[in-house]
Amino acid sequence: MPSHRYRPAHERVEVPPAERAWPARRLTQAPLWVPVDLRDGNQALAEPMDTGRKRRMFDLLTTMGFKEIEVGYPSASRLDFDFVRHLATPGAVPDDVSVVVFTAARRDLIERTFASIEGMSRVVVHLYTATAPTWRDVVLGHDRRELRDLIRDAAGHVARLAGDRDIRFQFSPEVFNLTEPDFVLEVCNDLTALWDASPDRPVIHNLPATVEVATPNVYADQIEYMHRHLDRRDAVILSVHPHNDRGTGVACAELALLAGAQRVEGCLFGNGERTGNVDLVTLALNLHTQGVDPMIDLSDIDEVRRVAEHCNRLPVPERHPYAGDLVYTAFSGTHQDAIGKGLAHHAKRAAELGVPPELAPWDVPYLPIDPADVGRDYQAVIRVNSQSGKGGIAYLLHTRYGLELPRRLQIDFSQVVQRATDGSGEEITAEQLWELFRATYVAPVERRPLTEWSTAETGPGVHEFTGTLRDGGPLRGTGNGPLSALTGAFAASGLDVDILHYAEHALDPGQGGRAIAYVEARVGGATYWGAAVDTSVLTASVHAVLAAVNRSL
């Protein structure tokens, strides 16, 4: 590897003299969480969120209990501007929630940003510009004095436009972690004074590790230097915004909090540019494991994940901390044995204490938290795995019939299998598994079939679905794809259908072979899976949706 081409962090930036108090500190309370999914996370998506997805994500974040939410970069796109205007509608934002809008340090962009928040209260205007030497020299073409003057001018313009409105100010020296400590301190202190920060109207100084370049202890030293030397410290909220380029974003955030930070910006499940922003779910549940209330509601982790996957159109990996499908599953027999004994001991201890199991102290091998805390059922997961130890439901269906079941469908189907076999206790064969799968997920399309249907692209990105249900009425709807148009048709007929997960693959090699489609749909508030097989992928997809809907009926 040509490692000689790269300089270590200590040769790229001056690290301030160590005045380390942070190694001896402990985290005893949650920081102020600021999700940036709707801005930083959204700009990293191959397909940015439309207004509907943005609104669904915003509603999720408020339901979880976030009190400050970055909602967009209104000067960057019409969609972001319009979404901020949508939030300006009376009642759109809860009274105890502040929205954050992001702008570069340019007068025209600042003015566009203020136009977007006209009539809104509880707003934070977030001003940023890059300050690191490479960015100054290569991107901006300014020396330190010129850039400091530019930032002061932009900050003054922000203050003039804000007037006496209910607006607070935030500044981010982008690439803080590669900026000279004395320069970033000068700039931040300039703005603290210019914005006349006070304890009852504090300024936010947000110090991003825009691109991770060093071990987390270096970032902690940089944060502690700022914490010790910022002017009017009691009038400053010290915020951090770690990225995950080295895979240590969570550690950077935790050490930064030990070093004096009070606020953390990040995304649910770590979405963001390159390797992502710091993962707020992991950070919050890490606090939970230490007996610290994270102050956000993660009691239904699967719903949080489903909404994030829907809005981002990105999957959460099966091994993702706390939220992945497999994180509470033990494939090893020794692990299963230890966990089973631990759960039995936990139940006994709860009975001795006279409290429900969900309130008893937790100390079970291999499980850092009780899965029930986040809405999971460990017993359901381990039973699926013990079936897998005997050959495996998913393994048999894959090897004999070519099925590649999505993980959540495996869990759903395992419960069907267990209900069918618990009475006899006999082992189920591959042929019986396939017949049970077909009867459960494929056959329902036959109960209320579409006697005729068609889809057509009627304009750029606009599809129309028309069809007729036997013993039902006509269906007609539009969407940005065939399945979106089908759910639109159901909505027009009074049935709310939301596709949560879709997968398909070939069953036979070569052109003209069969394909199978799997659909997880929320129908009337409950979740159902459907599947269908056809030589046409589109037909299989439509029939899989219909199978899920028919199961609900």
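Right above here is the structure, for reference.
Nothing here was measured: the structure is a model prediction, and the numbers come from that model.

Conventions used here
Residues numbered from 1 in each chain as written. Predicted model: local features only at pLDDT ≥ 70, side-chain atom pairs only at ≥ 80, totals over all residues. Heavy atoms only, no water. Helix = DSSP H or I, 4+ residues; strand = E, 2+ residues; numbered from the N terminus. Buried < 20%, exposed > 50% of the residue type's maximum accessible area, 1.4 Å probe, protein only. Pairing = 2+ DSSP bridges. Axes fitted to C-alpha atoms, helices over the stretch in contact; angles between N-to-C directions. Contact = heavy atoms within 4.5 Å. Phe/Tyr/Trp six-rings, centres within 6.5 Å; stacked < 30°, edge-to-face > 60°. Lys NZ or Arg CZ within 6 Å of the ring centre and 35° of its normal.

1. A closer look at unusual backbone geometry
Here comes step 1: The phi dihedral of Tyr322 is positive, around 70°, even though this residue is not glycine.
Here comes step 2: Mapped onto the elements of the fold, Tyr322 is located in the loop between α12 (301–312) and α13 (333–353).
Here comes step 3: Judged by relative accessible area, which is 11%, Tyr322 ranks as buried.
Here comes step 4: A positive phi is found at Tyr366, a non-glycine position, where the angle reads about 70°.
Here comes step 5: Relative to the elements of secondary structure, Tyr366 occurs in the loop between α13 and α14 (378–389).

2. Quick look at the sheet that holds strand β14 (residues 526–534)
Here comes step 1: Read across the sheet, three strands follow the order β12-β13-β14 without closing on themselves; strand pairing throughout is antiparallel. This sheet does not close on itself; its edge strands, each paired only once, are β12 (497–506) and β14. Within this sheet the neighbouring strands show an average axis-to-axis angle of 15°, counted without direction.

3. Let's talk about the environment of Pro208
Here comes step 1: Considering the arrangement of structural elements, one finds Pro208 in strand β6 (residues 203–209).
Here comes step 2: It is 45 Å that separates the C-alpha atoms of Pro208 and Thr458, two residues lying 250 residues apart in sequence.
Here comes step 3: Sequence-distant contacts of Pro208, defined by excluding residues within four places in its chain, comprise Ser172, Pro173, Glu174, Val175, Phe176, Asn177, Tyr219 and His241.

4. Focus on the packing of aromatic side chains
Here comes step 1: All told, the structure shown has eleven aromatic pairs when counted by the stated rule.
Here comes step 2: Look at Tyr73 and Phe102: their rings are 5.0 Å apart centre to centre, the planes differ by 85°, and that puts the pair in the edge-to-face class. Here the residue Tyr73 occupies a position in the loop between β2 (68–72) and α4 (78–87), and Phe102 occupies one in strand β3 (residues 98–104), the gap between them amounting to 29 residues.
Here comes step 3: For Tyr73, a relative accessible area of 14% gives the class buried.
Here comes step 4: Residue class for Phe102 comes out buried when judged on its relative accessible area of 6%.
Here comes step 5: Plain terms: the ring middles of Tyr73 and Tyr128 are 6.3 Å apart, the flat faces sit at 85° to each other, and that makes the pair edge-to-face. Within this pair, whereas Tyr73 is found in the loop between β2 and α4, its partner Tyr128 is found in strand β4 (residues 123–130), the two being separated by 55 residues in sequence.
Here comes step 6: Grouped by ring-pair contacts, the aromatic residues Tyr401, Phe413, Trp434, Phe437 and Tyr441 constitute a single cluster.
Here comes step 7: Sitting above the plane of the Phe102 ring, Arg39 keeps its charged end 3.6 Å from the centroid.
Here comes step 8: A cation sits over an aromatic face here: Arg136 above Phe183, 5.2 Å from the ring centre.

Everything listed here is a matter of geometry and, on its own, says nothing about what the molecule does.
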